[in-house]
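This is what each chain is made of:
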Amino acid sequence: MVNPARLVAGIDLGSTGMKMLVTDETGHEVAVAQVPTPWRSGPGGTTEMDAGELLAAVRTLVTTAAGRVAAVTDAPIEAVALAGMGETGMLIDSHGAPVAPAYAWFDPRGADQAAAFPPRLRADFAGRTGLPLGAQVSVAKLAYLRDQGVRLDRARWLNLPEFVATALGADPVSEYSLTSRTGLLDQDTGRPWPEMLRCLGVDETFLPPLVAAGTPVGLAGGPAASGFQDGAGGFAPVEWLPANVMGAILTVAGHDHLVAAEASGGLPPDHYHVSLGTAEVLLRVIDGPLGFEARCRLAEHLINEVRHVVPGKHVLVAGVKTGLLLRRVLQTAGIHDRAGRDALDAAAMSIPYEGGLPDDAIEVAGARNDDGVLKLTVRADGVSPAEVFGAVLRHSNDEIALLIEAMDRELPAAATSTLTGGWAGMASVRRARAQVLPPMTASTREEETAYGATRAAARLLSTTPPMIGTAP
């Protein structure tokens, strides 16, 4: 067997799938594995995840990737960094066991509770947290669970990558970029927001210690490790960990879109990084917080101003639910594999960007970040899946143009952009985004977030590891 340079791994806990990428410290790919994210769907768009099913999927992911590594090299995986979706997380008890399922960020539960928060808190929410108030933020789901009888004052909150990290052996921590997605963090102070804690009936111990992305937090299989259900329904030590993963240094790389943005190095301030997965996120890096009033103005357009994975930096994050709508178009058309998607892409490229039907033939709604429900009105014959796909891309372009206009009122206009994510591989998607974004390049990397996480892991190989945003 060939022993390459030292090995590291990045895990991306995504909304559609969970990936583990193993590279050497220079970034050369050694192995990759993927499993579906084990959501359970319910009525009214409710979507949740059982902790046992999540961790069983993680076990499959890690053992598959580690086995593929072992087939080509005897070298161990020396560091593992975890990135993933925001808003979704687990409530754990004093023993680290989950006390409720994890709700998807797009689950509608919590909307009534958010609307019932005290008037002063609702008025200050965006200015304090950098987030628009709605069902998507974690505090809305937490208030829902509280109203269902869950004792929040006896629990702690872990964002999803933090929870999986603890299951693998890490100490419980709250990473800044992920905790910025919860509605619990004051963006100016960098501390939990006291008024929100009081509203939920908890204190600062509800969150584990806050740490920067890329901070070493434990060892795989170490004494803190527990997390897979045993036969009695409890949580047993992770004795299943493959030998080539055992003892790896663990870190939380942060919020997936932000980790992807830093995959190839720091972003210039006049640049959009656009990550198109289930959600589509436009991201700009800024040197610090814009302040209460600016955050309020941005939140009116559902734009966030939160902490970046690079210490000291903040980001503007604007989202649309393009990927969710595109996925539903494919499913409605009976397309469930790569070959079908490629055929649809070719068909979409065979017609003009504007489509081949009258302007009002297809009306689309649902891309706004507070929506996500695909609504189609068809007023003409001859509507093909390719025409619908193109109409959804044009509709999301219209929403993106509004977001760019709002951000341009707070910052100088961006000069360049990069398009990444699973949908960026489609020519029809790239053509559409070139209509609305500044001069654009598209990433050819398949797993941008997982790759970005491997770069965070590689930094751990130093005895005094620099934080994310620096070499490598």
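These notes cover the structure that comes with them. Just so it is clear, the model here is predicted, and its values are computed rather than measured. (Residues numbered from 1 in each chain as written. Predicted model: local features only at pLDDT ≥ 70, side-chain atom pairs only at ≥ 80, totals over all residues. Heavy atoms only, no water.)

Next up on the list: the sheet that holds strand 16 (residues 271-276). Read from one edge to the other, the open sheet built from 6 strands follows the order 18-19-17-16-22-23, with strand pairing classed as mixed. Each having just a single partner strand, strand 18 (303-307) and strand 23 (440-442) make up the two edges of the open sheet. Each adjacent strand pair in this sheet contributes to an overall mean axis angle of 25°, direction not counted. Bridge count between strand 16 and strand 17 (residues 280-286): 4 bridges; the pairing is antiparallel. From the neighbouring strand, His273 faces strand 17, where its bridge partner is Leu283. (Pairing = 2+ DSSP bridges. Helix = DSSP H or I, 4+ residues; strand = E, 2+ residues; numbered from the N terminus. Axes fitted to C-alpha atoms, helices over the stretch in contact; angles between N-to-C directions.)

With that settled, consider the packing of helix 10 (residues 322-332) against helix 12 (residues 385-408). At a closest axis distance of 10 Å, the pairing of helix 10 and helix 12 adopts a crossing angle of 170°. As summarised for this structure, helix 10 and helix 12 are arranged roughly antiparallel, according to the angle between their axes. Each of Thr322, Leu325, Leu326, Val329 and Leu330 in helix 10 lies in contact with helix 12, whose residues at this interface are Pro385, Val388, Phe389, Val392, Leu393, His395 and Ser396. Considered class by class, the residues forming the contact of helix 10 with helix 12 number 9 nonpolar, 3 polar and no charged. (Parallel < 35°, antiparallel > 145°, perpendicular 65-115°, else oblique. Contact = heavy atoms within 4.5 Å. Nonpolar A, V, L, I, M, F, W, Y, C, P; charged D, E, K, R; others polar.)

Quick look at helix 4 (residues 138-147) now. Structural remark: α-helix, 3.6 residues per turn; residues separated by three or four positions point the same way. Buried residues dominate helix 4, accounting for 8 of its 10 residues. Along helix 4, the residues that are buried comprise Ser138, Val139, Ala140, Lys141, Leu142, Ala143, Tyr144 and Leu145. Elements in contact with the buried residues of helix 4: strand 7 (89-92), strand 8 (102-103), helix 2 (111-115), helix 3 (119-129), strand 9 (156-159) and helix 7 (194-200). Of the residues flanking the end of helix 4, it is Gly149, one or two places downstream, whose phi is positive at about 100°. (Buried < 20%, exposed > 50% of the residue type's maximum accessible area, 1.4 Å probe, protein only.)

The next thing to look at is the packing of helix 3 against helix 9 (residues 292-299). A pair of packed helices can be characterised by two numbers: the angle between their axes and the separation between those axes. Between helix 3 and helix 9, whose axes approach to 7 Å, the crossing angle comes to 110°. Relative to helix 9, the element helix 3 lies roughly perpendicular. Touching Asp124, Ala126, Gly127 and Arg128 of helix 3 are Phe292, Arg295, Cys296 and Ala299, all from helix 9. Of the residues assigned to the contact of helix 3 with helix 9, the class counts are 4 nonpolar, 1 polar and 3 charged.

What follows deals with the packing of aromatic side chains. In total, this model carries 5 aromatic pairs according to the counting rule given. Geometrically, the ring pair formed by Phe125 and Trp193 is tilted, given 6.1 Å between the ring centres and 55° between the ring planes. Taken together, the residues span a long stretch of sequence, with Phe125 in helix 3 and Trp193 in the loop between helix 6 (176-179) and helix 7 at a distance of 68 residues. By relative accessible area, which is 0% here, Phe125 ends up buried. Residue Trp193 is classed as buried on the basis of its relative accessible area, which comes to 2%. A centroid spacing of 6.4 Å and a plane angle of 45° characterise the contact between Phe389 and Trp423, whose relative ring orientation is tilted. (Phe/Tyr/Trp six-rings, centres within 6.5 Å; stacked < 30°, edge-to-face > 60°.)

Turning to the state of the cysteines, a few remarks are in order. Counted by the stated rule, this structure contains 0 disulfides. Here Cys199 stays unpaired: no disulfide links it, and the sulfur of Cys296, its closest cysteine neighbor, is 17 Å away. (Disulfide = S-S within 2.5 Å.)

All chains considered together, the criterion is met by 22 salt bridges. The shortest N-O distance in the salt bridge between Glu405 and Arg409 comes to 3.4 Å. A relative accessible area of 45% places Glu405 in the partly exposed class. (Salt bridge = Lys/Arg side-chain N within 4 Å of Asp/Glu carboxyl O.)

For helix 3, the full list of buried residues reads Leu121, Asp124, Phe125, Ala126, Gly127 and Thr129. Elements in contact with the buried residues of helix 3: helix 4, helix 7, helix 9 and strand 18. Where helix 3 terminates, the next one or two residues include Gly130, which has phi positive at roughly 80°.

The biggest cluster of nonpolar side chains holds 53 residues, and the ones touching the most others in it are Met20, Leu54, Ile77, Phe163 and Val164. For this core, the leading source of residues is helix 1 (residues 51-70), giving 10 residues. Each residue touching Ile77, except ones within four places of it in the same chain, is listed here: Leu7, Val8, Ala9, Met20, Val22, Val69, Asn244, Val245 and Ala248. (Core = buried A, V, L, I, M, F, W, Y, C linked by side-chain atoms within 4.5 Å.)

Our next topic: the environment of Val383. Tracing the backbone shows Val383 in the loop between strand 21 (375-378) and helix 12. Of the residues examined, Val383 reaches a relative accessible area of 27% and is grouped as partly exposed. As for Val383 and Ile362, which are separated by 21 residues in sequence, their C-alpha atoms are 8.0 Å apart. If sequence neighbours within four positions are ignored, Val383 has contacts with Leu357, Ile362, Val378 and Val388.

Locating Thr37 in the fold gives a position in the loop between strand 3 (29-36) and strand 4 (40-41). For Thr37, a relative accessible area of 8% corresponds to the buried category. Discounting residues that sit within four places of it in the chain, Thr37 has contacts with Gly14, Ser15, Thr16, Gly17, Met18, Met49 and Met85.

Counting buried positions along strand 22 (residues 416-420) gives 4 out of 5 residues, so the element sits mostly inside the fold. Relative to strand 22, strand 16 is paired through 5 bridges, and the arrangement is parallel. Paired with His273 across the strands is Thr418, a residue of strand 22. Two elements, strand 22 and strand 23, share 3 bridges in a ladder whose sense is parallel.

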